[in-house]
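Examining the three-dimensional arrangement
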Amino acid sequence: MRTLAATLISLCLFAGAAAAQQAPKEGATAMPKSEDVRAVAPALESYAQKFVVDDLWKRPGLSRRDRGIVTVAALIARDQTVELPHYLALALDNGVKPSEISEIITHLAFYTGWANAMDAIPAVREVFESRNIGADQLPPATGPQLPLDEAAEKQRATRVGEQFGQITPSLVQYTTDALFRDLWLRPALAPRDRSLITVSALIATGQVAQITYHLNRAMNNGLTRDEAGEVLGHLAFYAGWPNAFSAAPVIKDVIEKRAN
C-alpha cells in the first residue's frame, strides 16, 4: 500500500496512478491527473497538498477509517461519482469492509435518494471486481436484525404520527416500517457508523433541519463531540464551506445542550 500522503495526493483531487492505468468505461468521466490540475489551477494542487494531504487526513480527531466513510457518504450523497472509485479504494485500505460499503449505498438510498445510490453502483462494482470482492463478502438482503429499543421507537413513531399522520400517512408508515424497524436494524453497519453516514450526508447536502435529531442519535450511538466537530472540518473540503458553516450552529447547539 502506498503511504497515505502518496495515495492522497492522487486521490483527493487528482487521478491516482492506478486509476490512470485503467481506461474509463464507456460514458465515464476520468478524474484529472495531477499534471492536468497543475496545468489549469496550480494553486488548487498546492492547497490540496498543504491542507488536505499534509493535514486533514492526518488529524487525530477522526480515524482514517471514519474519514473514508464520511468522504464516501458525501460523494454518494452529492452524486459525485468521478472521485468515488478512488475514495472507495482508500476506504477499503483503511479498514472499511466491503459489507459496510454495500450497506452505505443501501442506507443512502433512503437518505439522499434512490437515484444517487444507483449512480454509485457502477463505480462500486468496478472497485469490487478489481479486488475480487464477491457476493460472499456482502450482507444478505434479509436476515437477523439488531435489537429494537421499543420504547424509543414508540416515542418517535407517536411524535411523527401526531405531526404528519393526517398530511402524509404514507411517509409516516414507510418511515416506521422501512427505516426504523428495518434499515436501522441491519447488522452489517454498526449503529454508530450508520449514524455517522447519515449525519455526513445531511451536512453534505445542506439538510440542516434534520441534523439535530440524527446528531443526537449519533452521539447516543457513540459518536463523540470531538468526532462530530472533525466531521464538519472534513466535509468543508468535500462538500464546501457553505454547507459546513450552515451545519455548524446546529451541531454547536446539540453539543452544548447535551453538556448541560
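Once that is clear, we can look at the pattern of salt bridges. With the rule as written, the count across this model stands at 17 salt bridges. Residue Arg192 pairs with Asp66 through a salt bridge whose shortest N-O separation is 2.7 Å. Separated by 126 residues along the polypeptide, Arg192 in helix α11 (residues 191–204) and Asp66 in helix α5 (residues 64–77) bring together distant segments of the chain. Measuring nitrogen to oxygen at the nearest pair gives 2.7 Å for the salt bridge that ties Glu103 to Arg186. Taken as a pair, Glu103 in helix α7 (residues 98–112) and Arg186 in the loop between α10 (169–180) and α11 lie far apart in primary sequence, 83 residues in all. Among the charged side chains, a salt-bridge network with shared partners connects Arg65, Asp66, Glu100, Arg192, Asp193 and Glu227.

To continue, consider the confidence of the model for the protein. Averaged over every residue, the pLDDT of the protein is 90; residues scoring 70 or more account for 89%. Contacts for the low-pLDDT stretch residues 1–28, under 50 throughout, to residues beyond four places or in other chains number 59 contacts.

Inspection of the secondary structure assignment puts Arg156 in helix α9 (residues 150–164). Of the residues examined, Arg156 reaches a relative accessible area of 5% and is grouped as buried. Sequence-distant contacts of Arg156, defined by excluding residues within four places in its chain, comprise Thr175, Thr176, Phe180 and Tyr213.

This part is about the side chain of Asn243. Summarising the element assignment, Asn243 is placed in helix α14 (residues 241–259). Under the relative-accessibility criterion, Asn243 is labelled buried at 18%. Once residues within four sequence positions are removed from consideration, Asn243 is found in contact with Arg78, Ile203, Ala204, Thr205 and Gly206.

Attention shifts here to the packing of aromatic side chains. By the definition in use, this model includes eight aromatic pairs. Measuring from ring centre to ring centre gives 6.1 Å for Phe180 and Trp184, while their planes differ by 5°; the resulting arrangement is stacked. Across this residue pair, the class does not change: Phe180 and Trp184 are buried. Cluster of aromatic residues (ring-pair linked, three or more members): Tyr111, Phe180, Trp184 and Tyr213.

Now for the layout of surface pockets. To locate leftover empty space, one rolls a probe as large as a water molecule over the atoms. The volume enclosed by the second largest pocket comes to roughly 580 Å³. Elements supplying a minimum of two residues to the lining of the second largest pocket: α7, α9, α10 and α12 (211–220). Per element, the largest residue contribution to the lining of the second largest pocket is five residues, and it comes from α9. A per-class count over the lining of the second largest pocket returns 10 nonpolar, six polar and two charged.

Along an α-helix, residues three or four apart share an orientation, since each turn contains 3.6 residues. End to end, α10 covers 16 Å across 12 residues, agreeing with the expected 16 Å (1.5 Å per residue, within 8%). Every buried residue of α10 is accounted for by Val172, Thr175, Thr176, Leu179 and Phe180. The buried residues of α10 all sit within an arc of 115° when viewed along its axis, so they share a single face. In this structure, α10 carries Pro169 and Tyr174 as exposed residues pointing more than 90 degrees from its buried face. In this structure, the buried residues of α10 make contact with α7, α9 and α12.

Attention now moves to empty space enclosed by the protein. Under the definition given, this model contains one cavity of 30 Å³ or more. Contributing to the lining of the largest cavity are Leu196, Val199, Ile203, Leu215, Leu223, Ala228, Val231 and Ile251.

Any two packed helices are characterised by the angle at which their axes cross and by the distance between the axes. One can describe the packing of α7 onto α11 by two numbers: an axis separation of 10 Å at closest approach and a directional angle of 45°. Viewed along their axes, α7 and α11 adopt a mutual orientation that is oblique. Crossing geometry of α7 relative to α11 is assigned as right-handed. Contacts between α7 and α11 involve Glu100, Glu103, Ile104, His107, Leu108, Tyr111 and Thr112 from the former and Asp193, Arg194, Ile197, Thr198 and Ala201 from the latter. For the contact of α7 with α11, the per-class residue count stands at five nonpolar, three polar and four charged.

What counts and what doesn't
- Residues numbered from 1 in each chain as written.
- Predicted model: local features only at pLDDT ≥ 70, side-chain atom pairs only at ≥ 80, totals over all residues.
- Heavy atoms only, no water.
- Salt bridge = Lys/Arg side-chain N within 4 Å of Asp/Glu carboxyl O.
- Helix = DSSP H or I, 4+ residues; strand = E, 2+ residues; numbered from the N terminus.
- pLDDT = per-residue confidence, 0-100.
- Contact = heavy atoms within 4.5 Å.
- Buried < 20%, exposed > 50% of the residue type's maximum accessible area, 1.4 Å probe, protein only.
- Phe/Tyr/Trp six-rings, centres within 6.5 Å; stacked < 30°, edge-to-face > 60°.
- 1 Å grid on protein atoms, 1.4 Å probe; cavity = no way out; pocket = protein on both sides within 12 Å on 5 of 7 lines; lining within 4 Å.
- Points joined across faces, edges and corners; volume = space filled by probe spheres on them.
- Nonpolar A, V, L, I, M, F, W, Y, C, P; charged D, E, K, R; others polar.
- Expected span 1.5 Å × (residues − 1).
- Arc of directions from axis to C-beta.
- Axes fitted to C-alpha atoms, helices over the stretch in contact; angles between N-to-C directions.
- Parallel < 35°, antiparallel > 145°, perpendicular 65-115°, else oblique.
- Left-handed = near helix turned anticlockwise from the far one by under 90°.

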